[in-house]
Amino acid sequence: MSPAAPAEPASAPPKPASYRKIASLALPALVVLAAEPIYLLIDTAVVGHLGAVPLAGLALGGVIMGLAPLVGAVLAYGTTARASRRYGAGDRAGAVAEGVQGTWLALAAGLLMIALIEVFAGPLAGLMGDDPAVEAAAAEWLRVAILGAPFLLVAGAGQGWMRAVQDTRRPMWFVSVSFLLSAVLAPVLVYPVGLGLVGSAWANAVAQAISGTLFLLALRRERVGLRVDWPLMSKQLVANGDLIVRGIAFQVSSFSAAAVAARVGTAALGAHQIGMQLWFFAALALDAVAIAAQALIGADLGAGRTETAKASAKRITVVGVGYGLVFLVGIFALLPVLPGLFTSDAAVHDQLGAIWPWLVLLLPVAGVVFALDGVLIGAGDLKFMRNMTVVSIASGLPFTWLTLVFGWGLTGIWGGIAVFMLVRLGLILWRLRSGDWVVTGAERG
């Protein structure tokens, strides 16, 4: 462990990150975070007009494929948590070196995913689905979409080290260009070219390949050593282990919700897919504040500025609340037109009515939770993040599973999501108030 940086003098008044500084990091990150969910919303709308079965197939395939962006997020957050402390301690080269090892991990994990999905796509779709036509569509989509996984994970590691050195502008351009091209490509491949659902998978893979390549070129331009550093990589694996457990817990929740929705009916699964894509879009967009928090809090603690970190955390909380309220107003205003944008299926429209109240009311809660997630990840408080997530999901899952017993439909599934978010909110506020997350130094002990 590196020696802890000296704490700031007690007489020095804390100078929290200004709202302008938070915005300068959060707004480019917002573009990055929003790019993929916007593409997925477009993709959902394109596929939705093929019919209920392709839409449900995309829903099942998307949940399984969700493991890839989850691992990408682990790599991004784990890299940022370690590299931002080094950057705050004045070691920029060390921060980028963390990104090199994260990139090697990304390539290895992505290739492993391709091998597993090509072999097990059918059985996985069958495990989750309840309709042979939907299962076949999901497996077909998955086998193509997974080809972009290594590039997706490389982009996650790249965003991690760039955020740590407080560069959120280059990732904005890398991701925006690739997904803009893909958003144009998806409807062309699905309809005029005639590939149908598989066309959306190819468009997805192309976007990820372009984005990942741009991040690889950026890392090469840093002129740091590109070899595998086993001691450094082992430290990353330990740090990422807590985030992986956290990610697995999220996947258990997503898998359970999709599997239960599939057993409620094809229309319910299609509506759940639309609702979840809107939720993921809002969640990732709200996560822009968390990205700023990771970079700022990590740098403050790496430099030993404990009081500044605490003051910045309070300011970030305020920003999160405001941001969540903005999304609440926006989604609520669009409710009359949203269903028609995604599908013309009347049965899916009816099922969406059970989702809207939960989706809208959870947005302010999400604004706070995601912002404070960024504070704790920036602080490297990953064990608490792991435990909090497992407890929160364990609190909400019974509502999802009991839906099959009591016939609650999508109301039960989304009620379970609400319980999960409220428990998570209570635990993270308690942790912030305790102050136990504040540990200084270039590495957290």
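As shown above, the structure is provided for reference.
The rules behind the values
Residues numbered from 1 in each chain as written. Predicted model: local features only at pLDDT ≥ 70, side-chain atom pairs only at ≥ 80, totals over all residues. Heavy atoms only, no water. Helix = DSSP H or I, 4+ residues; strand = E, 2+ residues; numbered from the N terminus. Rg over C-alpha atoms; globule rule 2.2 N^0.38 Å. Buried < 20%, exposed > 50% of the residue type's maximum accessible area, 1.4 Å probe, protein only. Contact = heavy atoms within 4.5 Å. Areas by Shrake-Rupley, 256 points an atom, 1.4 Å probe, with all protein chains shown as cover. Lys, Arg positive; Asp, Glu negative; His and termini not counted. Charge placed at Lys NZ, Arg CZ, Asp CG, Glu CD. Expected span 1.5 Å × (residues − 1). Phe/Tyr/Trp six-rings, centres within 6.5 Å; stacked < 30°, edge-to-face > 60°. Axes fitted to C-alpha atoms, helices over the stretch in contact; angles between N-to-C directions. Parallel < 35°, antiparallel > 145°, perpendicular 65-115°, else oblique. Nonpolar A, V, L, I, M, F, W, Y, C, P; charged D, E, K, R; others polar. Salt bridge = Lys/Arg side-chain N within 4 Å of Asp/Glu carboxyl O.

Novice: Can you tell me about the overall build of the protein, naming the residues and giving the values?
Specialist: Along its length, the protein carries 17 helices and zero strands. The C-alpha atoms of the protein give 21 Å as radius of gyration, which agrees with the globular expectation for 445 residues (22 Å, within 12%). In terms of its C-alpha atoms, the protein occupies a principal-axis envelope of roughly 65 × 40 × 35 Å. By the burial criterion, 58% of the 445 residues in the protein qualify as buried. A separation threshold of at least 6 residues defines the contact pool for the protein, and within that pool the share at least 24 residues apart is 86%. With the model as given, the accessible surface of the protein reaches about 17,100 Å², and the carbon-plus-sulfur share is 70%. Charge centroids of the protein, computed over 28 positive and 23 negative side chains, lie 12 Å from each other.

Novice: Lay out helix α15 (residues 363–378) with the relevant residues and their values.
Specialist: Given a rise of 1.5 Å per residue, 16 residues ought to cover 22 Å, and the 23 Å separating the end C-alpha atoms of α15 matches this to within 8%. By the criterion of burial, α15 is predominantly enclosed, with 16 of the 16 residues buried. Remark: G380 follows α15 within two positions and exhibits a positive phi of approximately 75 degrees.

Novice: So what's going on with the packing of aromatic side chains? Which residues, and what values?
Specialist: A complete count under the given rule lists five aromatic pairs for this structure. Plain terms: the ring middles of F250 and F420 are 5.9 Å apart, the flat faces sit at 75 degrees to each other, and that makes the pair edge-to-face. Residue F250 is found in helix α9 (residues 230–264), and its partner F420 is found in helix α17 (residues 410–434); the two are separated by 170 residues along the sequence. Summarising the aromatic geometry, the rings of Y323 and F327 are spaced 5.3 Å apart at their centres and angled 80 degrees between planes, so their arrangement reads as edge-to-face.

Novice: So what's going on with the side chain of R424? Residues and values would help.
Specialist: Looking at the element boundaries, R424 is found in helix α17. Each residue touching R424, except ones within four places of it in the same chain, is listed here: R246, F250, V369, F370, D373, M388 and S392.

Novice: How would you explain the packing of α9 against helix α16 (residues 382–406) if you had to name every residue and give the values?
Specialist: Packing of α9 against α16 brings their axes to within 9 Å, and their N-to-C directions diverge by 10 degrees. With respect to each other, α9 and α16 are oriented roughly parallel. When its residues are assigned to classes, the contact of α9 with α16 shows 15 nonpolar, five polar and five charged.

Novice: Help me get a handle on the environment of D350, residues and values and all.
Specialist: Among the secondary structure elements, D350 is positioned in helix α13 (residues 346–352). Given a relative accessible area of 64%, D350 falls into the exposed group. D350 sits 11 residues away from P339 along the chain, and the two C-alpha atoms are 9.5 Å apart.

Novice: For the pattern of salt bridges, give the residues involved together with the corresponding values.
Specialist: This structure, assessed with the given rule, holds 13 salt bridges. E98 is paired through a salt bridge with R86; the nearest N and O atoms lie 3.1 Å apart. With E98 in helix α4 (residues 92–128) and R86 in helix α3 (residues 67–88), this pair connects stretches of sequence that are 12 residues apart. For E98, a relative accessible area of 0% translates into the label buried.

Novice: Go over the environment of F280, please, and point to the residues and values.
Specialist: Tracing the backbone shows F280 in helix α10 (residues 266–302). You can call F280 partly exposed: its relative accessible area is 34%. For the pair F280 and L153, spaced 127 residues apart in sequence, the C-alpha separation works out to 18 Å.

Novice: Provide a residue-level description of unusual backbone geometry, including the pertinent values.
Specialist: You will see that Q166, though not glycine, has its phi angle at about 60 degrees, which is positive. Tracing the backbone through its elements, the reader meets Q166 in the loop between α6 (149–164) and α7 (169–190). Positive phi outside glycine occurs at R223, with the angle close to 60 degrees. Residue placement: R223 occurs in the loop between α8 (197–220) and α9.

Novice: Describe α16, naming the residues involved and giving the relevant values.
Specialist: Given a rise of 1.5 Å per residue, 25 residues ought to cover 36 Å, and the 37 Å separating the end C-alpha atoms of α16 matches this to within 8%. By the burial criterion, the buried members of α16 are L382, F384, M385, M388, T389, S392, I393, G396, L397, T400 and T403. Following α16 by one or two positions, G407 adopts a phi angle in the positive range, close to 70 degrees.

Note that every value here comes from positions in space, so none of it alone points to a role or purpose.
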